[in-house]
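# Breakdown of the fold
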Amino acid sequence: MISKDHIIKRFVSYVTIDTESDATSQTTPSTKKQWDLANKLAEELKTIGLQDVDIDENAYIMATLPSNVTHDVPTIGFISHFDTSPDFTGANVKPQIIEQYDGKDIILNQAENIILSPEYFDDLLLYKGQTLITTDGTTLLGADDKAGICEIVSAMEYLVKHPEIKHGKIRIGFTPDEEIGRGAHKFDVKKFGADWAYTMDGSQIGELEYENFNAAGAVIKVKGKIVHPGYAKGKMINSMHIATEFINSLPRMETPEHTDGYQGFFHLHDIKGHVEETELHYIIRDHDKGHFEARKDMMTKLTSELNSQYGSEIIKTEIKDQYYNMKEKVEPVMHIVDLAEEAMKQLNIEPLIKPIRGGTDGSQLSYMGLPCPNIFAGGHNFHGRYEYVPVESMIKATEVICKIAELTALEKK
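Owing to the predicted nature of the structure, the values given are computational and were not obtained by experimental measurement. (Residues numbered from 1 in each chain as written. Predicted model: local features only at pLDDT ≥ 70, side-chain atom pairs only at ≥ 80, totals over all residues. Heavy atoms only, no water.)

## Considerations on helix H3 (residues 143-161)
In a regular helix each residue adds 1.5 Å, so 19 residues correspond to 27 Å; H3 covers 26 Å between its end C-alpha atoms and thus fits that length. Among the 19 residues in H3, 17 count as buried, and that is most of the element. (Helix = DSSP H or I, 4+ residues; strand = E, 2+ residues; numbered from the N terminus. Expected span 1.5 Å × (residues − 1). Buried < 20%, exposed > 50% of the residue type's maximum accessible area, 1.4 Å probe, protein only.)

Below, the structure written as structure tokens:
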């Protein structure tokens, strides 16, 4: 059995280390403080008995649990990231342990009246009677993805201590900067040497995902012309008005707050402007490759139309692809999804196979030659003060890792 107290102690030791990443930085890792946890993890992997523990100049960590079977079986990997999102502060995290959750409101911070309520977050009711780890309402928790790291380390420790559980060679990888889209950028797939891998970076217990968004980022710059407003007729060009026209010309209901499942969207996440120049920052998301391309085309055509109306070069739009749907790379090797599904079923976990409404290191790694579905890590409400994780879900995720390793040892390479 996986020790509950041991899981809690390990997880808390990770989340109390600030590892927030920074998209404006040009270094890898993007923040020096990520090294604090990276170095700790490297030493911990050595302590629990893993071999070939390596941390490179960019803080990517790899390690090996050698095979304990005599026949040739596939080499599998498990991957998580140790940075936390810059969307909300990860400094001075003070986890709260809620034993035997009673299904009622949880007061995260009495002084600031911050409450985690099942009336708003109804998933809480799935975990009535369980042990929850929450924030104190002033920071995120960091279960994304320190829960995944905790589960991988705990699973490897358990397999080392229980050699009667047969498994092939297992590779472990921990990455920086996933939250800013760079987690896989400097990941050495060849060095990792796995036939396939799993990211432990999902949410609710049972989640198993091999589809994600196709993703792009768009920057729209609108040029205007400032003159004295009292004498502006026929002369002033207000860039903010044209930018507003651009925004309103996109489908209003195709935004994150109006979509779910396989529905894509345009998301305006940042805007700054004055009369002479306005800049819009969008992300474009769609699971369907054709729809994804159509969304980018829509922005390009809208730019051309507004330039025709107001004068050439009033608007400039730059669109850059970010990552693609891993489904294309995983479907040819669907047995790796089937194996994870079977592992969950053998542990009496109901598999929840659904698309990721986001991205993961696994999407980029799949296109780099390492097919990499995503498995639940247990946390909820990522990137904010209402984040929490049920300890029982973390224990189950740890057991899933061990079971996948055990089932893989039955396969022939």
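Now that the structure has been shown, we can carry on.
## Things to note about helix H6 (residues 289-310)
In an α-helix, one turn spans 3.6 residues, which is why side chains three or four residues apart end up on the same side. Over its 22 residues, H6 extends 32 Å from the first C-alpha to the last, a length consistent with the 32 Å expected when each residue adds 1.5 Å. The set of residues buried in H6 consists of Phe 292, Arg 295, Lys 296, Met 299, Leu 302, Thr 303, Leu 306 and Asn 307. Seen along its axis, H6 keeps its buried residues to an arc of 135°; they face one direction. In H6, those exposed residues whose orientation departs by more than 90 degrees from the buried face are Lys 301, Glu 305, Ser 308 and Gln 309. In this structure, the buried side of H6 is in contact with strand S11 (214-223), helix H5 (239-249), strand S12 (265-273), strand S13 (277-286) and strand S14 (315-323). Within two residues after H6, Gly 311 carries a phi angle of roughly 120°, on the positive side. (Arc of directions from axis to C-beta. Contact = heavy atoms within 4.5 Å.)

## Observations concerning unusual backbone geometry
Cis geometry is adopted by the peptide bond preceding Pro 29, which originates at Thr 28 and carries an omega value of -5°. Take Pro 29: it is sitting in the loop between helix H1 (4-15) and helix H2 (34-47). For Asp 52, which is not a glycine, the phi torsion comes out positive at approximately 55°. Take Asp 52: it is sitting in strand S1 (residues 51-55). Look at Asn 92: it is not a glycine, yet its phi comes out positive at around 60°. Positionally, Asn 92 belongs in the loop between strand S3 (76-81) and strand S4 (96-98).

Shape is all these values report; function is a separate question.
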